[in-house]
Amino acid sequence: RLNTTINAPHNSVDVITSNWERPDETDDVFDKIGSGMSESSGIFTFPATGIYFVSFIARWYGNGNTSAANHIYLDATVDNVNYTTVAQSAMKVENSGQATVIAQTMIDITDVSNRKMRFKYYAGNLNQQVLGNTAKNETFLTFIRLADT
């Protein structure tokens, strides 16, 4: 999950390169099977080959301005260099309201060294925020390995 809020610049598509964490509270019911995903500078590496379901859920806050559409993107690479957007979603965010935006995909990971993912956002107006929290999921990712490739 994102552990802190991002003040999103207007009119710029940006990769979330920091502040990702696994839930770590002592009373948290989260656990992973196996080694789980790894992340470095916003690039996510899969622990094993297979078919994965990937979900990106972002909680936006209008912070005083209405935005016609705040976007989120799931990007994937097959060569560890060039990324392509494989899923995208957007939603209007009212003046001081909040909105939850969800984008999901399935991805075939045949090579854990070269097939990776990253996650981006775009604010359609000034002062928009992507909400993060170290104590609960507000903006977060889910990776579920479904089957062998």
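Just so we're clear, the structure is a prediction, and the values are computed from it rather than from any experiment.

Let us look at unusual backbone geometry. Positive phi is not limited to glycine here, since S41 has a value of about 50 degrees. Along the polypeptide, S41 turns up in the loop between β3 (38-40) and β4 (43-45). Backbone geometry at N63 places phi at a positive 50 degrees, although glycine is not the residue there. Mapped onto the fold, N63 is located in the loop between β5 (50-61) and β6 (67-77).

Quick look at the pattern of salt bridges now. When charged atoms on two side chains of opposite charge get close, those side chains can pair. What the rule picks out here adds up to six salt bridges. A salt bridge links R59 to E138; the shortest N-O distance between them is 2.4 Å. Of the two residues, R59 is situated in strand β5 and E138 in the loop between β10 (129-130) and β11 (140-147); the sequence distance between them amounts to 79 residues. Taking the relative accessible area as the measure of exposure, E138 reaches 11% and is therefore buried. We note a salt bridge from D148 to R145, for which the minimum N-O separation is 2.6 Å. For D148, a relative accessible area of 59% corresponds to the exposed category. Counted as one network, the salt bridges with shared partners bring together D75, R118 and K120.

Here is what the cut-offs are and how they apply
- Residues numbered from 1 in each chain as written.
- Predicted model: local features only at pLDDT ≥ 70, side-chain atom pairs only at ≥ 80, totals over all residues.
- Heavy atoms only, no water.
- Helix = DSSP H or I, 4+ residues; strand = E, 2+ residues; numbered from the N terminus.
- Salt bridge = Lys/Arg side-chain N within 4 Å of Asp/Glu carboxyl O.
- Buried < 20%, exposed > 50% of the residue type's maximum accessible area, 1.4 Å probe, protein only.

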